[in-house]
Amino acid sequence: MAFRVLIVDDSTVMRAFIRRTIMLSGMEGAEFLEACDGREALDLLRAEWVDVVLTDINMPSMDGEQLVRSLEADGMLKSVPVVIVSTDGTENRMQQMLSLGARGYVKKPFLPETLREELERVLGGAYAR
Amino acid sequence: MPDSDWDEMLAAATGEVLETMFFTGIYGAAPVGESSAGPHTAARLSFEGTPSGVLTLSVAAPAARALATNFLASEDDEPLTDAQLGSVVCELANMICGALLSRVKSEQHFRLSSPDVLLPESGPYPSGPPSQSLDLGDGAMEIWLELEPHAH
């Protein structure tokens, strides 16, 4: 089953790391789109079908928190699941992002299986193990 | 919180990041000043919260190249650009800082700045000794953690 992942991070090397981690995780059929901040992500989401968004929080122009708020306020995009991938692993930050509408939270540094399990949980269906 | 507690948390955070994301570890202590004695890559970021502060990282060139090779899964014969090395060291600094602050019991959010590669015009390194001076096998890495006074 093919699925499309939008990776949102201002670091090109982190986007490459996440892409490679998913490709090597055993999840077949992943296609990738990338954006360097929330603004670019919103533009892409309005033009392309995406199954899940993986986004950093700390980014210029529009950060991950603003991106989640924007998606929640958009009737068409509200259903696109968002997983936060961030260095901010404080409990109150995680709770805040989940209460805003994020479906999952992966704290950097992360093990490859942690990212895969979170993707499987959020995508459900054929990826539920 | 005593400085020794910060040093302990910083060492634990650094080890976790290196092992999880860079597939390497800490081989022991390195002599102070070794990371920047020759060619090296350095990065700095600040954070606001309780406490606020600045984290500066310096990695000797061979160690930076080995870290970037592991992180990007590049082939040994594939040349890495200075921009890639700088980006990887920035990401390393970002993750160490995040992993450190995740260990701090604080009711506040921390806000991290985007890390910047330290260029000669970025200003001098911190004047004091590093909080950590580590042997990564391929070279040394030093970390300076400067906290605002009220954190003590």
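Residues numbered from 1 in each chain as written. Chains lettered and ligands numbered in written order. Predicted model: local features only at pLDDT ≥ 70, side-chain atom pairs only at ≥ 80, totals over all residues.

A. Inspection of the interface of chain B and chain A at higher detail. Across the boundary between the two partners, chain B contributes 24 residues, which contact 21 residues of chain A. Among the secondary structure elements, those contributing two or more residues to the side of chain B that touches chain A are helix 1 (3-21), helix 2 (61-72) and helix 3 (82-102) of chain B. Top contributing element to the side of chain B that touches chain A by residue count: helix 3 of chain B, with 11 residues. (Contact = placed C-beta atoms within 7 Å. Helix = DSSP H or I, 4+ residues; strand = E, 2+ residues; numbered from the N terminus.)

B. Fine view of the pairing of strand 7 (residues 140-147) of chain B. Residues and elements named next belong to chain B. Counting buried positions along strand 7 yields 6 of 8 residues, so the element is predominantly enclosed. With 7 bridges joining them, strand 3 (residues 53-60) and strand 7 adopt antiparallel strand pairing. Counted as the bridge partner of Ser58 is Glu142 from strand 7. The pairing of strand 6 (residues 132-135) with strand 7 spans 4 bridges and is antiparallel. By the bridge assignment for strand 7, Asp135 is matched with Ala140. Where strand 6 hands over to strand 7, the hairpin turn is made up of 4 residues, of which Gly137 adopts a positive phi near 90°. (Buried ≥ 20, exposed ≤ 12 C-beta atoms within 10 Å, placed from the backbone. Pairing = 2+ DSSP bridges.)

C. How the structure looks around the sheet that holds strand 3 (residues 52-55) of chain A. Residue and element names in this part refer to chain A. Judged by pairing direction, the sheet is parallel, and its 5 strands sit side by side in the order 2-1-3-4-5 without closing on themselves. Unpaired on one side and paired on the other, strand 2 (30-35) and strand 5 (104-107) mark the two borders of the sheet. Adjacent strand axes in the sheet meet at a mean angle of 20°, parallel and antiparallel pairs treated alike. Summarising the sheet, strand 4 (residues 82-86) and strand 5 pair through 4 bridges and their orientation is parallel. Within the sheet, the bridge partner assigned to Val85 lies in strand 5 and is Val106. Packing of helix 2 (residues 38-45) onto the sheet brings it into contact with strand 1 (3-8), strand 2 and strand 3, and relative to strand 1 it is tilted by some 155°. (Axes fitted to C-alpha atoms, helices over the stretch in contact; angles between N-to-C directions.)

D. Layout of helix 2 of chain A. Residue and element names in this part refer to chain A. Turning to helix 2, its buried residues number three or more, namely Gly38, Ala41 and Leu45. Projected down its long axis, helix 2 carries its buried residues within an arc of 55°, all on one side. Where helix 2 is buried, its residues touch strand 1, strand 2, strand 3 and helix 3 (64-72). (Arc of directions from axis to C-beta.)

E. A look at the pairing of strand 2 (residues 40-48) of chain B. All names here are of chain B. Both strand 2 and strand 3 contribute to a ladder of 8 bridges, which runs antiparallel. Bridging across to strand 3, His40 finds its partner in Ala60. Counted along the chain from strand 2 to the antiparallel partner strand 3, the turn is 4 residues long, and its residue Gly49 has a positive phi close to 160°. For strand 2 and strand 5 (residues 116-117), the ladder comprises 2 bridges, and the chain directions are antiparallel. By the bridge assignment, Ala43 is partnered in strand 5 with Val117. Here strand 2 pairs with strand 4 (residues 111-112) via 2 bridges, running antiparallel. The residue bridging Glu48 from the neighbouring strand is Arg111, located in strand 4.

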